[in-house]
Amino acid sequence: MDKTIKPIESIRGEIEVPGDKSISHRAVFLGGISRGKTEAHNFLEAEDCLHSVSAFRAMGIEISLKEKTIIINGAGLRGLKKPEKALYLGNSGTTMRILPGILAGQNFEATLTGDESLNKRPMARIVEPLSKMGVSISSRDARGLPPLVVKGGPVKPVEYDTKAASAQVKSCVLFAGLYPAGETVLREACQSRDHTERMLEFFGAQIKKEKLFTKVNGNQELNGRDFFIPGDISSAAFFMVAACMLEGSDITIREVGLNPTRMGLADVLESMGADIQIKRAKKAIEPYGDIRIRFAPLKGTTVEKEKIPLLIDEIPVLAVLAASAEGETCIKGAGELRVKETDRIFSISENLKRLGAEITSRGENLIIKGSGRRFRKSRLESFADHRTAMAMSVAALLADGECTIKNIDCVNTSFPGFFDMLGYLKKV
Ligand code: S3P
């Protein structure tokens, strides 16, 4: 389906965005391999997380999901059952990259496959550390493309340095590290999101975090837990940017995740001059609170490479904002965008050019010359990538006429209801 969006003056109102995607996946992973019941509230009922649910159901785990509450009857660390057929994971890179760490410790072989986009994404980054841990894992070809075949068995602890900062790779290794007796040590070049570490600790794993090091001691059972999944800051990002761009806007996003390893966009917006306030902040296993954003004129900025993992999923919409701000923005070291749901350096560049913005990519860097003006009305492409579709919908709000975004069904990957929420904020 295509979507035509009319430009508007401002957005106003209070919203709650759906639950965090990364935390929802991990609720299923941890709940499935813990002993007893896990109950998580505000679970994200979007396609990606539902693929994690169906994979665990296919491995014998009883899961009920009603009105955003997920209840999982865990089978213990080694209690998963051999699925009858290949596990189909749709578009979910998080499931494809983390689940093999759990399959490593089971006593069966399983095949993991995905949609056209997922089956083109590189998995060598997890095949390498798992192979070092003695896990039998093979991919379709030498580039490590899915389908992956993982044969569970004895796992060896490892000391491993991740090449690119990746929470998915880190999580895969930490989950595999739950199986052998002894310590698995993971070192990152720079900090990536730490949901796995927080949740492993909460579920009772023996884990130590020291800045860029994480150490986990295996062979300990985990216990099911109850918790609240905050709203996804990566989904909130689209409205945060829209409010920053549209004069007269004033919005509040309630109960959204404030985990410092996910706050990169808020920091960058502040460095551009945004008016952001955090209210009613609550400490919890995953901290959350309300974010209020009001329009303020913004100027360009520089985002350094080590900050990229803290806002990796927000770069498409940040690029839209940069194009509307005054002055130049340079986003450094964003090469990982080439291997997301689509090549996002290409999709951002192509769409922003159609909108009349000046953008160049040099190696891993994106340079955007902000015009401080409205965008040119145009036909935009989602490239079947949820975040590209939503980022371009935000750009359309600031165009000088109607924009059409092609193929927007992909928003269901992470944010069903996105267009309804946008419509609500326009009317308030
Ligand atoms: C995720 C980590 C990030 C992010 C993805 C979700 C996670 O990927 O882009 O949407 O839940 O661990 P990388 O770890 O590849 O950076």
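Here, residues in each chain are numbered from 1, in the same order as that chain's written sequence. Local features in this predicted model are restricted to residues of pLDDT 70 or higher, and side-chain atom pairs are both shown and tallied only at a pLDDT of 80 or more, whereas totals for entire chains, interfaces and linings draw on every residue. With hydrogens and water excluded, all non-hydrogen atoms of the structure serve as input to the side-chain values.

## Some points on the packing of aromatic side chains
Classification of ring pairs rests on two measures: the distance between centres of Phe, Tyr or Trp rings, Trp counted by its six-membered ring, which must be within 6.5 Å, and the angle between planes, read as stacked under 30 degrees, edge-to-face over 60 and tilted in between. All chains considered together, the criterion is met by twelve aromatic pairs. A ring pair is formed by Phe202 and Phe227, whose centres lie 5.9 Å apart and whose planes are at 90°; its orientation type is edge-to-face. Of the two residues, Phe202 is situated in helix H6 (residues 195-202) and Phe227 in strand E14 (residues 226-228); the sequence distance between them amounts to 25 residues. Each residue is placed in one exposure class: buried if its accessible area under a 1.4 Å probe, protein chains only, is under 20% of its type's maximum, exposed if it is over 50%, and partly exposed if it falls in between. For Phe227, a relative accessible area of 8% translates into the label buried. Between Phe203 and Phe227, the aromatic rings sit 6.1 Å apart at their centres with planes inclined by 80°, giving edge-to-face as the arrangement. Pair noted here: Phe203 is in the loop between H6 and strand E12 (206-210) and Phe227 is in strand E14, with a separation of 24 residues, a long-range link. Here a set of aromatic residues connected by ring pairs shows up, and it is made of Phe238, Phe239, Phe415, Phe418 and Phe419. For a lysine, the NZ atom is tested; for an arginine, the CZ atom; a charge sits over a ring if that atom is within 6 Å of the ring centre and within 35 degrees of the ring normal. Here Arg225 stacks its cationic end above the ring of Phe202, 5.6 Å away from the centre of that ring. Helix and strand definitions follow DSSP, with helices as H or I runs of at least four residues and strands as E runs of at least two, each counted in order from the N terminus.

## What to know about the site of the ligand
Near is defined per residue: the residue qualifies when any heavy atom it owns lies within 4 Å of the molecule or strand. In the region of the ligand, the neighbouring residues are Lys21, Ser22, Arg26, Thr94, Arg97, Ser166, Ala167, Gln168, Arg193, Ile312, Asp313 and Lys340. A distance of 2.9 Å separates an oxygen atom of the ligand from a polar backbone atom of Gln168. Residues adjacent in sequence count toward polar contacts only when both atoms are side-chain atoms; beyond that, a polar contact is any pair of N or O atoms within 3.5 Å, and within protein one must be able to donate a hydrogen and the other to accept it. Within the side chain of Lys340, a nitrogen or oxygen atom sits 2.7 Å from an oxygen atom of the ligand. Note that accessible areas follow from Shrake-Rupley with a 1.4 Å probe, and for residues the cover is restricted to the protein chains shown. About the coverage of the ligand: the protein hides 95% of its 390 Å² of free accessible area. Mapped by element, the contributors of at least two residues to the shell around the ligand are helix H1 (21-33), helix H3 (93-103) and helix H5 (167-176). Here the element with the most residues in the shell around the ligand is H1; it accounts for three residues.

## Overview of the pairing of strand E13 (residues 213-217)
Judged by which residues are buried, E13 turns out to be one-sided: Thr214 and Val216 face inward and are buried, whereas Phe213, Lys215 and Asn217, on the alternate face, are not. Whether two strands pair comes down to DSSP finding at least two bridges between them. Sheet topology note: the strand E11 (residues 183-187)/E13 ladder contains five bridges and is antiparallel. The residue of E13 that forms the bridge with Arg187 is Phe213. Between E12 and E13, which pair antiparallel one after the other, the connecting turn spans two residues, and Lys211 there sits at a positive phi close to 45°.

## Examining the state of the cysteines
For this text, the term disulfide refers to a pair of cysteine sulfurs within 2.5 Å. If you walk through the whole model with that rule in mind, you get zero disulfides. Just so you know, Cys49 is unpaired, no disulfide at all, and the nearest cysteine sulfur is the one on Cys410, 16 Å from it. Distance from the sulfur of Cys403, which forms no disulfide, to the nearest cysteine sulfur (Cys410) is 16 Å. The exposure class assigned to Cys403 is buried, which follows from its relative accessible area of 0%.

## Overview of the domain arrangement of the protein chain
Just so you know, the domain bounds were taken from an automatic or database domain assignment. In terms of domain boundaries, the protein chain breaks down into domain 1 (3-19 + 231-427) and domain 2 (21-215). Its C-alpha centre places domain 1 at a distance of 28 Å from the equivalent point of domain 2. The contact definition used throughout considers only heavy atoms, calling two residues in contact when any of these lie within 4.5 Å. With 28 residues of domain 1 in contact, the opposing surface of domain 2 contributes 25 residues. Each of two parts loses accessible area, computed with a 1.4 Å probe, when they are put together; buried area is these two losses added. Between domain 1 and domain 2, a total of about 2200 Å² is buried, with carbon and sulfur atoms accounting for 49% of that surface. Salt bridge, as used here, is a side-chain nitrogen of Lys or Arg placed within 4 Å of a carboxyl oxygen of Asp or Glu. Here domain 1 is connected to domain 2 by three salt bridges. When the shortest N-O distance is used, the salt bridge between Arg125 and Glu336 registers 3.0 Å. Seen at the junction of domain 1 and domain 2, the total is 14 residue pairs in polar contact (both at pLDDT 80 or more). Here the residues of the side of domain 1 that touches domain 2 sort into eleven nonpolar, eight polar and nine charged. The residue classification treats Ala, Val, Leu, Ile, Met, Phe, Trp, Tyr, Cys and Pro as nonpolar and Asp, Glu, Lys and Arg as charged. All others, Gly included, are polar.

## A word on the pairing of strand E5 (residues 69-75)
As paired elements, strand E3 (residues 35-41) and E5 share seven bridges and run antiparallel to each other. Note on E5: the bridge partner recorded for His41 is Thr69. Pairing analysis gives five bridges linking strand E4 (residues 62-66) to E5, with the strands arranged antiparallel. Looking across to E5, one finds that Ile63 is bridged to Ile72.

## Looking at the side chain of Ser414
One can find Ser414 in the loop between strand E23 (403-406) and helix H12 (418-427). A polar atom in the side chain of Ser414 sits 2.7 Å from the side chain of His386.

## Here's the deal with the pattern of salt bridges
This structure, assessed with the given rule, holds 32 salt bridges. For Lys21, the salt bridge is made with Asp48, and the minimal N-O distance between the two is 3.3 Å. Taken together, the residues Lys21 in helix H1 and Asp48 in helix H2 (residues 47-58) connect sequence positions 27 residues apart. One exposure class covers both Lys21 and Asp48, and it is buried.

## Description of the sheet that holds strand E17 (residues 288-294)
Sheet architecture is open: four strands sit in the order E2-E15-E17-E16, paired in mixed fashion. Each end of this open sheet is capped by a strand with a single partner; those strands are strand E2 (12-15) and strand E16 (275-282). Neighbour to neighbour, the strand axes of the sheet diverge by 15° on average, direction disregarded. Alignment of strand E15 (residues 250-257) against E17, held across six bridges, turns out to be antiparallel. Among the inter-strand pairings, Ile253 is bridged to a residue of E17, identified as Ile291. A fitted line through C-alpha atoms represents every axis, and for helices the fit uses only the stretch in contact; the resulting angles, taken between N-to-C directions, go from 0 to 180 degrees. Its contacts with the sheet place helix H7 (residues 233-245) against E2, E15 and E17, and it is angled at close to 165° to E15.

## Here we look at the nonpolar core
Core analysis: the biggest nonpolar cluster contains 79 residues, and Val17, Phe239, Met240, Ile253, Ile315, Ile331 and Leu352 have the highest contact counts within it. In terms of residue count, H7 provides more of this core than any other element does, eleven residues in total. Not counting residues up to four positions away in its chain, the partners in contact with Ile253 are Ile15, Val17, Ala236, Phe239, Met240, Gly289, Asp290 and Ile291. Ranked by size, the runner-up nonpolar core spans 63 residues in total, among them Leu99, Ile137, Tyr160 and Ala205. Side-chain atoms within 4.5 Å link the members of a nonpolar core, which is a set of buried Ala, Val, Leu, Ile, Met, Phe, Trp, Tyr and Cys residues.

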